Amino acid sequence: MVSTMSKTSPVASGPVPVPSPAEQAVPSALGDSSFFKSVLDHLPVAAAVCDAEAKLIAVNHAWSTDTATVKLFGTRLSIGDTLATAIQASSWPELNNALQAILAGSTEQSRLNVAQHGSIYGQLRLAPQPLGDTQGALLTWIDGDLGADDQQAFATAVIASTADYLFVLDRTGRIRYQNRALGDRPAEECVGQPFLNFISSESHESAKQGLETVLSTGAQATYEDRHVTRDGERVFESRIAPLIRGTKIVGAVVNNSDVTVRYRAQADALELKERYENLFNTMPVMLSAVDGEGRIVNVNEHWLKKMGYQREEVLGRPGKDFLTPQSQLISNSGLKGETFVQDDTKDIALQLKHSDGHLVDVLAAASTERDPDDKVTGVQLRMIDITDRNRAEAALRKSEARFQRAVRGTSDGLWDWDLESGLVWYAPRFKELLGFAPDEFADNFVSFREALHPDDRGSTLAAISQQLDGNQALDLECRLRTKTGTYKWFRLRGLAYKGDDGTPRRMAGSFQDITVQKHADQALRDNRNFYELILDSVPDH
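These numbers come from a predicted model, not from an experiment.

Here we come to unusual backbone geometry. Unlike most non-glycine residues, Ala 54 shows phi in positive territory, near 65°. Within the secondary structure, Ala 54 sits in the loop between strand 2 (46–50) and strand 3 (56–59). The buried category is assigned to Ala 54, whose relative accessible area is 4%. Positive phi, close to 70°, is recorded for Asp 374, a residue that is not glycine. For Asp 374, the location among the structural elements is in the loop between strand 15 (359–370) and strand 16 (376–385).

Our focus in this paragraph is the nonpolar core. The biggest cluster of nonpolar side chains holds 24 residues, and the ones touching the most others in it are Trp 415, Phe 448, Ile 464, Leu 480, Leu 492, Met 507 and Phe 511. When contributions to this core are tallied by element, the ones reaching two or more residues are strand 17 (413–418), strand 18 (424–426), helix 13 (428–433), helix 14 (445–451), helix 15 (454–469), strand 19 (474–481), strand 20 (487–498) and strand 21 (504–513). It is strand 19 that provides the largest number of residues to this core, a total of four residues. Setting aside chain neighbours within four positions, we find Met 507 in contact with Trp 415, Asp 416, Trp 417, Ile 464, Gln 467, Leu 468, Leu 474, Gly 494, Leu 495 and Ala 496.

Another aspect to go through is the environment of Met 307. Mapping Met 307 onto the fold places it in helix 10 (residues 301–307). Here Met 307 falls in the buried class, since its relative accessible area comes to 0%. As for Met 307 and Phe 322, which are separated by 15 residues in sequence, their C-alpha atoms are 9.1 Å apart.

This part takes up the confidence of the model for the chain. When pLDDT is averaged along the chain, the result is 79, and 77% of the positions lie at 70 or above. This stretch, residues 1–38, has a pLDDT under 50; its non-local contacts, to residues over four places away or in other chains, come to 111 contacts. This model gives residues 333–341 a pLDDT under 50, and the stretch forms 22 contacts once residues within four places in sequence are excluded.

All right, on to the pairing of strand 16 then. Sheet analysis places strand 12 (residues 286–291) next to strand 16, joined by six bridges and oriented antiparallel. Looking across to strand 16, one finds that Ala 289 is bridged to Gln 380. Strand direction decides the pairing type here: strand 15 and strand 16, joined by nine bridges, are antiparallel. Bridge assignment links Ala 364 to a residue of strand 16, and that residue is Met 383. Between the end of strand 15 and the start of strand 16, which pair antiparallel, lie five residues, with Asp 374 showing a positive phi angle near 70°.

Now for helix 5 (residues 93–104). Given a rise of 1.5 Å per residue, twelve residues ought to cover 16 Å, and the 16 Å separating the end C-alpha atoms of helix 5 matches this to within 8%. Within helix 5, burial applies to Leu 95, Ala 98, Leu 99, Ala 101, Ile 102 and Leu 103. Gly 105 sits one or two residues past helix 5 and shows a positive phi near 80°.

Basis of the calculations
Residues numbered from 1 in each chain as written. Predicted model: local features only at pLDDT ≥ 70, side-chain atom pairs only at ≥ 80, totals over all residues. Heavy atoms only, no water. Helix = DSSP H or I, 4+ residues; strand = E, 2+ residues; numbered from the N terminus. Buried < 20%, exposed > 50% of the residue type's maximum accessible area, 1.4 Å probe, protein only. Core = buried A, V, L, I, M, F, W, Y, C linked by side-chain atoms within 4.5 Å. Contact = heavy atoms within 4.5 Å. pLDDT = per-residue confidence, 0-100. Pairing = 2+ DSSP bridges. Expected span 1.5 Å × (residues − 1).

Here it is, written out as structure tokens:
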């Protein structure tokens with residue numbers, strides 16, 4: 001196998017065209033990554049793309065099936081294979097030199113004619129292939145000697161296979177070729193017309209400047225344009241590249257890619273982001289986010305309001321800076337995923353330090369974010385300020401403690417009757433006075449009514465009813481049956497508590513054991529009667 005190599009003359013900038021008849025050449029766009037990817041598998045030749053390390057990153061169907069590539073390299077090259085290994089195995093130094101020149105950017109295109117027994121049976125072409133910030137190479141294998149007719153067929157196939165809208169312009173900016181209709185106007189009616197006539201008013205100036213730059217300097221230009229078609233308004237990403245013959249810029253090639261779907265998706269994503277940020281900042285909950293190292297990356301307005309900070313004072317700082325030492329022990333490991341084993345953790349009691357130094361009690365919930373290796377990359381925190389609640393609960397506990405001390409320190413039996421539910425709270429001392437254990441006397445009004453002495457039941461219930469209907473405090477004496485069946489005398493006192501509508505809601509009071517006092521009074525009355533009887537029996541003299 002014998003190869004001969006020819007190189008095109010380098011130009012200042014821009015891709016190298018594949019020749020086409022009548023100045024209608026589009027392959028200047030062949031070096032454009034997004035364009036080539038859209039047509040790679042439809043090319044009528046074997047084609048492949050390698051990266052800056054000469055490793056194949058894309059091949060088309062023809063490359064995978066053409067036996068000529070096997071003859072060239074001695075093996076079938078697939079994605080992931082390195083050209084350097086194949087070149088070394090095939091002892092093809094010309095290819096190595098051409099490839100290195102392409103990757104280094106020192107040449108625009110190389111063609112290697114492959115001959116056997118003095119007859120050319122194919123040509124391997126190399127051209128620059130931009131890959132983001134790096135340079136790769138495009139390799140195409142063409143059977144036989146590619147003459148002018150074949151070149152025309154090649155260019156036509158490339159043009160027809162792309163879904164983009166392609167325009168070839170002359171030096172005056174007039175359309176010399178258009179591959180398809182853009183909108184409702186047929187392509188043939190556009191040929192000969194100034195290209196800028198078909199640009200929307202919003203994009204006219206940027207397209208004009210871009211075209212002038214391309215035709216004067218050979219540098220590529222981009223702009224965004226909109227057109228109204230039968231399917232509605234479409235958004236296009238337009239790229240202009242120079243059309244070069246030899247070393248002379250003879251026109252320009254415009255490649256319009258329909259990016260409507262992407263544009264709408266981006267617009268929807270932006271709208272969704274704005275809605276999320278609005279919701280994030282208006283939520284009446286303290287929201288924050290930390291990264292995998294525990295640094296705060298976002299907080300909402302409610303968080304800032306509760307903590308008394310400005311946003312710039314918070315972002316980027318470790319979350320532990322705002323926690324008390326005790327809360328740091330709870331959260332330090334958690335923020336790095338060591339204790340947040342579950343994706344959601346709830347009811348974490350923490351204390352935060354306000355900007356003025358006072359403490360803010362919060363109840364936090366955390367949701368973790370993980371990478372594919374299950375490593376925690378961030379934590380979303382939702383916190384509710386429970387400072388006032390904790391203070392109220394603490395005050396309630398103190399009040400309850402004082403009440404319990406008062407209950408234990410009195411000899412009276414206290415009671416509290418919920419008129420809506422019918423339940424009655426009887427203090428342990430009340431049940432003790434009747435000889436019952438705490439769980440032996442039912443917490444309802446019926447148990448009290450049944451314990452009343454039959455002779456006292458009617459008057460006692462009537463007095464209670466009158467008190468509920470009026471405003472006078474309840475104060476009476478009655479007898480209650482004890483656990484042993486005997487009766488004790490009690491002084492019953494109480495007061496009703498009414499709602500805003502005047503309806504009684506509760507009634508509370510006390511029972512005082514006055515049995516001894518009643519017996520003493522009875523004994524005193526008996527003694528008085530006895531002495532009065534004696535005195536009455538003494539005769540007057």
